[in-house]
Protein chains: 2
Amino acid sequence: MTTLIKHAAALLMDGETSVLQNAYVVVEGYQIVSVGQTRPEGNFDQEIDGTGCVLMPGLVNAHTHVPMTAMRGYGDGNNLQDWLNQYIFPVEDKWDSRAIRACTALGLAEMIASGTTCIADMYTFCEEIAQECAAAGINANLSRGTTLFTDDFSPKTFPGCVETRALAEGWHGYNEGQILVDVSIHGEYTSRPALWTAYAQYAQEKGLGMHVHISETKAEHEECLQRWGKTPIQILDQYGVWNTRAIAAHCVWTTPEDWALMAERGISAVHNPTSNLKLGSGIAPIPQMVKARVNVALGSDGVSSNNTTDLFEAIKLAGILHNGAQRDPLAVLPDAALRMATVNGGTALGRRTGRIAAGYDADLILVDFSHLSLTPCHSVVSNLVYAARGGDVVMNMAHGRVIYKNGAFLTIDMDRVKREVAEYALPQLFGN
Amino acid sequence: MTTLIKHAAALLMDGETSVLQNAYVVVEGYQIVSVGQTRPEGNFDQEIDGTGCVLMPGLVNAHTHVPMTAMRGYGDGNNLQDWLNQYIFPVEDKWDSRAIRACTALGLAEMIASGTTCIADMYTFCEEIAQECAAAGINANLSRGTTLFTDDFSPKTFPGCVETRALAEGWHGYNEGQILVDVSIHGEYTSRPALWTAYAQYAQEKGLGMHVHISETKAEHEECLQRWGKTPIQILDQYGVWNTRAIAAHCVWTTPEDWALMAERGISAVHNPTSNLKLGSGIAPIPQMVKARVNVALGSDGVSSNNTTDLFEAIKLAGILHNGAQRDPLAVLPDAALRMATVNGGTALGRRTGRIAAGYDADLILVDFSHLSLTPCHSVVSNLVYAARGGDVVMNMAHGRVIYKNGAFLTIDMDRVKREVAEYALPQLFGN
């Protein structure tokens with residue numbers, strides 16, 4: 001399958017965030033094979049006209065829990081403990097395969113329609129999530145978030161480990177890497193060294209990445225310090241958890257020593273600005289982390305704490321929040337915010353995505369620049385960071401395949417999904 | 001003209017943010033005359049079916065500079081002084097009537113499409129802005145932002161005062177209050193006591209409101225303290241500026257003493273979270289101001305420092321920013337954020353708007369709750385605050401007149417506006 005995308009202005013996300021006017025981008029299979037300003041020779045299986053649009057790398061949502069789309073706004077306005085204990089956990093007890101599939105598809109549709117082409121997800125029921133991602137055509141790093149509250153533990157029989165192994169054996173590398181599997185320690189505060197050692201070894205042995213919640217709340221960070229005399233980043237390092245490509249979600253309370261270690265080990269921080277603000281967790285020290293050469297990517301977190309997965313919102317928030325919090329209008333420049341959502345996300349997920357260049361994955365979106373809120377356009381980058389919305393996305397190509405175009409989902413049967421959510425999943429989960 | 005809006009779920013914005021299912025709302029002229037759950041007797045000139053939608057009060061953008069839509073993203077990524085001196089001010093020198101009309105219409109269209117029914121604008125060329133607002137059908141409190149850098153001053157001949165008087169005489173109360181005129185001191189740091197006295201007297205004499213930039217930046221606030229030994233709120237109070245309904249835009253650096261004075265005088269604070277963050281001004285102490293009983297409304301500020309006027313973004317940001325900054329997930333509850341954008345905005349602008357109740361202005365919008373990002377809906381209020389976007393708005397009725405429906409502008413000729421912006425205004429302002 002070959003595709004020619006023509007006549008768009010292409011934001012390459014090279015070092016200079018150059019914009020190539022009237023670009024011709026050729027896709028073969030799941031890869032970009034050429035980028036230029038003259039029409040390439042030959043015929044193509046399909047041609048996509050991007051006139052009036054900006055073609056940019058698809059967005060990478062580097063920390064999410066897709067099925068939690070079911071809990072959009074559920075229990076909002078409560079404090080964190082009540083919200084978790086009275087709302088979120090009781091619902092999570094009721095998941096079954098059919099409900100998780102329906103809610104995963106619903107969540108993926110929202111992401112795809114708003115320009116996301118790659119996600120890093122952490123949840124349970126990963127077999128079902130993998131099937132839905134595979135069918136939807138989105139790129140996904142999937143992980144079974146594992147908790148362990150005992151030292152009496154055998155990785156051979158412990159459910160989280162069994163599921164992680166099944167997920168890795170069944171799905172890692174599926175469809176030329178559309179699906180990758182990461183290993184996930186849910187968090188330092190929800191697990192024990194026995195798990196850290198087992199997962200560190202397993203990830204290294206199988207060449208898998210690692211996905212962990214790190215220092216999201218002050219209490220979590222400080223209790224770790226009390227427990228171990230070290231921060232979460234540091235204590236997990238002692239057990240070899242970071243000896244592989246790794247995603248550290250949140251990092252709100254990380255320290256300069258943590259950042260030095262993260263830069264040295266190549267641990268990616270995932271900034272989830274909306275969730276961190278909404279839940280009252282705090283404001284992650286992003287400009288400082290960037291300065292310390294930590295790779296910073298962006299995430300939405302679960303819809304239950306956001307309450308959307310429109311990553312353009314996270315880009316804008318990452319681009320303005322730190323300016324205000326640090327009273328420096330240049331704290332995060334617009335091109336840095338865009339990098340977080342594209343090429344830095346690719347690094348976090350271990351994918352060649354986030355740039356428009358030959359050899360990169362064909363994860364591409366078209367943004368309609370004729371929309372009112374993008375008029376006039378003095379700067380493509382400024383408009384994308386500060387004014388664009390998911391609703392401006394008119395085409396989503398993930399892994400070389402067009403999965404969304406002009407409001408239509410080409411891989412998801414939305415009528416069926418909406419019916420399944422309304423008639424099965426919501427009654428099952430919420431009893432209404 | 002009578003209109004029946006039927007079958008929507010109506011968010012009344014009464015004290016309890018009640019939602020009336022399957023509501024019937026009757027509009028006569030520019031007012032709501034009845035709200036109920038049974039179909040009222042009689043025939044209506046038009047009926048609007050809101051099935052699947054939420055009907056809510058139109059949004060009030062209580063601080064904006066509409067024509068600055070022309071500068072969307074212009075000079076982004078520069079520090080504040082360079083941005084103003086090298087980008088914004090030189091462009092503002094080139095305005096003429098035709099350019100300002102085109103850019104005003106462009107800005108109003110963006111606002112209307114995203115659910116705004118009332119604005120408080122501060123700028124120059126107010127005659128042209130008034131004509132465009134009148135034609136577009138939006139409710140507007142217009143003011144000629146006035147600066148004065150000398151004490152040698154006659155209000156009879158000073159251009160800002162002459163224009164303010166012309167605006168007030170020509171437009172205040174137009175079309176049963178669709179257009180109101182406020183008096184505007186641009187800011188303490190850009191004016192002198194001679195202006196404060198003259199405008200305070202004029203506003204009281206004519207029964208006009210007041211619109212002033214207050215304590216936006218730390219430098220501005222502290223220089224005022226050095227100059228006068230008082231904060232901007234306090235020194236202007238000494239000259240009688242607050243002896244009328246008043247809008248104080250920004251209030252980022254206001255103090256507890258300021259809040260007490262604001263509550264006592266009935267001065268409304270307008271929170272512009274996006275602009276304050278983007279420009280590095282800081283984070284206004286909104287929960288503290290609310291606790292001190294200050295009326296807090298919401299604004300977008302100019303597009304040049306935002307870079308959109310989608311007020312749903314400001315609602316969400318107001319609803320999450322302070323939770324994060326103050327590490328309290330309950331710092332601003334969702335219903336408080338909605339009040340800022342509706343009924344509190346009405347108070348700030350001196351309008352009976354922001355509620356769905358008999359006797360209130362018929363400023364109403366329909367939000368399509370079938371959209372993916374609003375599915376599922378566990379709480380209408382949560383979905384509106386944290387997940388809705390301007391793009392979800394499918395109907396805008398301002399002052400009793402439907403001015404936008406299903407993507408179509410009923411009062412603005414968008415083809416003409418886009419052509420005027422592209423072919424006249426942008427070349428005139430930016431020389432390209």
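What counts as what
Residues numbered from 1 in each chain as written. Chains lettered and ligands numbered in written order. Predicted model: local features only at pLDDT ≥ 70, side-chain atom pairs only at ≥ 80, totals over all residues. Heavy atoms only, no water. Helix = DSSP H or I, 4+ residues; strand = E, 2+ residues; numbered from the N terminus. Rg over C-alpha atoms; globule rule 2.2 N^0.38 Å. Buried < 20%, exposed > 50% of the residue type's maximum accessible area, 1.4 Å probe, protein only. Contact = heavy atoms within 4.5 Å. Buried area = accessible area lost by both parts, 1.4 Å probe. Salt bridge = Lys/Arg side-chain N within 4 Å of Asp/Glu carboxyl O. Polar contact = N/O pair within 3.5 Å; in protein donor to acceptor, adjacent residues only side chain to side chain. Least-squares fit on C-alpha atoms with pLDDT ≥ 70 in both. Core = buried A, V, L, I, M, F, W, Y, C linked by side-chain atoms within 4.5 Å. Expected span 1.5 Å × (residues − 1). Arc of directions from axis to C-beta. Pairing = 2+ DSSP bridges. Axes fitted to C-alpha atoms, helices over the stretch in contact; angles between N-to-C directions. Parallel < 35°, antiparallel > 145°, perpendicular 65-115°, else oblique. Nonpolar A, V, L, I, M, F, W, Y, C, P; charged D, E, K, R; others polar. Phe/Tyr/Trp six-rings, centres within 6.5 Å; stacked < 30°, edge-to-face > 60°. Lys NZ or Arg CZ within 6 Å of the ring centre and 35° of its normal.

Some details on the overall build of chain A
Here is step 1: Helix and strand counts for chain A stand at 16 helices and 17 strands.
Here is step 2: Compactness check: chain A gives a C-alpha radius of gyration of 21 Å against a globular reference of 22 Å for 432 residues, within 12% of the reference.
Here is step 3: A principal-axis box enclosing the C-alpha atoms of chain A has dimensions of 65 × 50 × 45 Å.
Here is step 4: Burial statistics for chain A: of 432 residues in total, 64% are counted as buried.

Looking at the interface of chain A and chain B
Here is step 1: Listed as interface residues are 61 residues of chain A and, on the opposing side, 60 residues of chain B.
Here is step 2: Carbon and sulfur atoms supply 64% of the area buried between chain A and chain B, which totals about 4,400 Å² over both sides.
Here is step 3: Linking chain A with chain B are six salt bridges.
Here is step 4: Measuring nitrogen to oxygen at the nearest pair gives 2.7 Å for the salt bridge that ties E313 of chain B to K316 of chain A.
Here is step 5: Linking chain A with chain B are 24 residue pairs in polar contact (both at pLDDT 80 or more).

Focus on the relation of the copies chain A and chain B
Each of the two copies of the chain can be brought onto the other by a rotation about an axis and a shift along it.
Here is step 1: Superposing chain A onto chain B takes a rotation of 180° combined with a translation of 0.0 Å along the rotation axis, leaving an RMSD of 0.0 Å. On this basis, the relationship between the two copies can be described by a two-fold rotation axis. The rotation axis passes nearest to the C-alpha of G391 of chain A in chain A, at a distance of 3.5 Å.
Here is step 2: A high fraction, 98%, of the interface residues of chain A reappear at the interface in chain B, so the copies pair face to face through one surface.

Concerning the pattern of salt bridges
Here is step 1: If you walk through the whole model with that rule in mind, you get 32 salt bridges over all chains.
Here is step 2: A single network of salt bridges, built from pairs that share partners, joins D310 and E313 of chain A together with K316 and R389 of chain B.

Points about the nonpolar core
Here is step 1: Within the largest apolar cluster, 238 residues are counted, with the highest numbers of intra-cluster contacts made by L384 of chain A together with L384 of chain B.
Here is step 2: With residues near it in sequence (within four places) discarded, L384 of chain B still touches L11, V54, M56, F312, L338, V367 and F369 of chain B.

Side note on helix α13 (residues 334-341) of chain B
Here is step 1: When you tally the buried positions in α13 of chain B, you get six out of eight residues, the bulk of the element.
Here is step 2: Where α13 of chain B is concerned, the buried positions are P334, A336, A337, L338, M340 and A341 of chain B.

A look at helix α4 (residues 159-171) of chain A
Residues and elements named next belong to chain A.
Here is step 1: Counted at 1.5 Å a residue, the expected span for α4 with its 13 residues is 18 Å, and the 18 Å between its end C-alpha atoms agrees.
Here is step 2: Every buried residue of α4 is accounted for by G160, C161, T164, L167, A168 and W171. Down the axis of α4, the sector holding all buried residues measures 135°, keeping them to one side. Away from the buried face of α4 by more than 90 degrees, exposed residues E169 and G170 are located.
Here is step 3: Each element contacted by the buried residues of α4 is listed here: α3 (126-136), β8 (139-144), α5 (174-177), β9 (179-183) and α6 (193-206).
Here is step 4: Of the residues flanking the end of α4, it is G173, one or two places downstream, whose phi is positive at about 90°.

Re the sheet that holds strand β10 (residues 209-214) of chain A
Residue and element names in this part refer to chain A.
Here is step 1: Judged by pairing direction, the sheet is parallel, and its eight strands sit side by side in the order β6-β7-β8-β9-β10-β11-β12-β13 without closing on themselves. Each end of this open sheet is capped by a strand with a single partner; those strands are β6 (59-64) and β13 (296-298). Strand after strand, the sheet turns through a mean of 25° between neighbouring axes, direction not considered.
Here is step 2: Pairing geometry for β6 and strand β7 (residues 116-123), over four bridges, is parallel. Bridge pairing in β7 places N61 opposite I119.
Here is step 3: Its contacts with the sheet place α6 against β9 and β10, and it is angled at close to 145° to β10.
Here is step 4: Across the sheet, helix α13 (residues 334-341) lies against β6 and β13, angled at about 75° from β13, the strand it touches most.

What to know about the packing of helix α4 (residues 159-171) of chain B against helix α6 (residues 193-206) of chain B
Residue and element names in this part refer to chain B.
Here is step 1: One way to put it is that α4 packs onto α6 with a least axis distance of 12 Å and a crossing angle of 10°. It follows that α4 is roughly parallel to α6 by the angle criterion. Contact residues: G160, C161, T164, R165 and A168 in α4; L195, Y199 and Y202 in α6.
Here is step 2: Classifying every residue of the contact of α4 with α6 gives five nonpolar, two polar and one charged.

Observations regarding the sheet that holds strand β9 (residues 179-183) of chain B
All names here are of chain B.
Here is step 1: Reading across the sheet, the eight strands line up as β6-β7-β8-β9-β10-β11-β12-β13 and stay open at both edges, with parallel pairing between neighbours. Two strands in the sheet have a free side with no partner beyond their single neighbour: β6 (59-64) and β13 (296-298). Taken over all neighbouring pairs, the strand axes of this sheet differ in orientation by 25° on average, direction set aside.
Here is step 2: Across the sheet, helix α2 (residues 97-113) touches β6 and β7 (116-123), and the angle it forms with β7 is around 145°.

Regarding the packing of aromatic side chains
Each aromatic ring pair is specified by the distance between its two centres and by the angle formed by the two planes.
Here is step 1: A complete count under the given rule lists 16 aromatic pairs over all chains for this structure.
Here is step 2: Ring centres 6.3 Å apart and planes at 85° place the aromatic pair W95 of chain B and Y123 of chain B in the edge-to-face group. Here W95 of chain B, found in the loop between α1 (80-92) and α2, pairs with Y123 of chain B, found in strand β7; they are 28 residues apart in sequence, far enough to count as distant. No difference in accessibility class separates W95 of chain B from Y123 of chain B, as the two residues are buried.
Here is step 3: Members of the aromatic cluster, joined through ring pairs, are Y74, Y87 and F430 of chain A.
Here is step 4: Sitting above the plane of the Y424 of chain A ring, R98 of chain A keeps its charged end 4.2 Å from the centroid.
Here is step 5: In this structure, K278 of chain B is placed above the aromatic ring of Y386 of chain A, and the distance from its NZ or CZ to the ring centre is 4.7 Å.

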